[in-house]
Amino acid sequence: MEAVMSERMLRREFLTAAGKVVLVIPAAAFLANCGGSSSGMNQQGNSLTVTSSSTLGHNHNLSVPFSDIDQPPAGGVELSTSTASPYGIGTHSHVVTLSTDDLTSIMNGGAVSVDTSTVSDHHHSFTIQMG
Ligand SMILES: [Fe+2]
């Protein structure tokens, strides 16, 4: 008597293909798709608008043009805040200076904190970030 054994070996090969997907999102598209004002930021029209800290009972808005964020000028930018007319201080605005590095950081999604110029013995702070 013979016992015949038959063996089958099945081999399966799994081929794994690894690929990389690189997403390139132009800043303009990123800007266009950002929205919301719950954090005090508003992206409408051609600029990113943020609200300052409150000092002496008032604050100011600052509008940073998207064109300056998209293509930061070599020397940075100097921007004026909105005016406010708090009691005891009077109508005034402040100046905010953003360097090229600041604008580049904002373009890349970073948060940039800056202080305004001092007017009538006070200043404010802005945190600028695309939301
Ligand atoms: Fe002020």
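Residues numbered from 1 in each chain as written. Predicted model: local features only at pLDDT ≥ 70, side-chain atom pairs only at ≥ 80, totals over all residues.

Q: Before we go on, may I ask you to explain the environment of Met130 in this structure?
A: With respect to the helices and strands, Met130 occurs in the segment after β7 (125-128). For the pair Met130 and Thr49, spaced 81 residues apart in sequence, the C-alpha separation works out to 9.5 Å. (Helix = DSSP H or I, 4+ residues; strand = E, 2+ residues; numbered from the N terminus.)

Q: Looking at this model, I keep getting lost on unusual backbone geometry. Mind explaining?
A: For residues besides glycine, phi is generally negative; the peptide bonds are generally trans as well. The backbone of Leu56 shows a phi angle near 50°, a positive value even though the residue is not glycine. By secondary structure assignment, the location of Leu56 is in the loop between β2 (47-51) and β3 (61-65). At Asp121, a position not held by glycine, the phi torsion is positive, near 65°. The topology assignment puts Asp121 in the loop between β6 (112-115) and β7. Among the residues examined, Asp121 registers 7 C-beta atoms within 10 Å and is labelled exposed. (Buried ≥ 20, exposed ≤ 12 C-beta atoms within 10 Å, placed from the backbone.)

Q: Got a minute to help me understand the environment of Asp102 in this structure?
A: Tracing the sequence through the fold places Asp102 in helix α3 (residues 100-107). Its 21 C-beta neighbours within 10 Å are what place Asp102 among the buried residues. Here the alpha-carbon distance between Asp102 and Pro72, two residues 30 residues apart in the chain, equals 8.8 Å. Discounting residues that sit within four places of it in the chain, Asp102 has contacts with Gly76, Val112 and Val114. (Contact = placed C-beta atoms within 7 Å.)

Q: Teacher, can you tell me more about the nonpolar core here?
A: Side chains of nonpolar character tend, in soluble globular proteins, to be buried together. Residues Leu48, Val50, Leu62, Val64, Ile69, Val96, Leu98, Leu103, Ile106, Phe126, Ile128 and Met130 constitute the largest nonpolar core, which totals twelve residues. Secondary structure elements with two or more residues in this core: β2, β3, β5 (95-98), α3 and β7. (Core = buried A, V, L, I, M, F, W, Y, C linked by C-beta atoms within 7 Å.)

Q: What am I meant to see in the environment of Val112 here?
A: Positionally, Val112 belongs in strand β6. Sequence separation of Val112 and Leu98 is 14 residues, and the distance between their C-alpha atoms is 9.0 Å. Those residues in contact with Val112 that sit more than four places away from it in its chain are Asp102, Ser105, Ile106 and Ile128.

Q: Quick question: what am I supposed to make of the confidence of the model for the protein chain here?
A: Close inspection of predicted coordinates is inappropriate in any region flagged by low pLDDT. Averaged over the protein chain, the pLDDT score is 78; the fraction of residues at 70 or greater is 67%. Predicted confidence is poor over residues 1-39, with pLDDT under 50, and the contacts of this stretch with residues over four places away or in other chains come to 14 contacts. (pLDDT = per-residue confidence, 0-100.)

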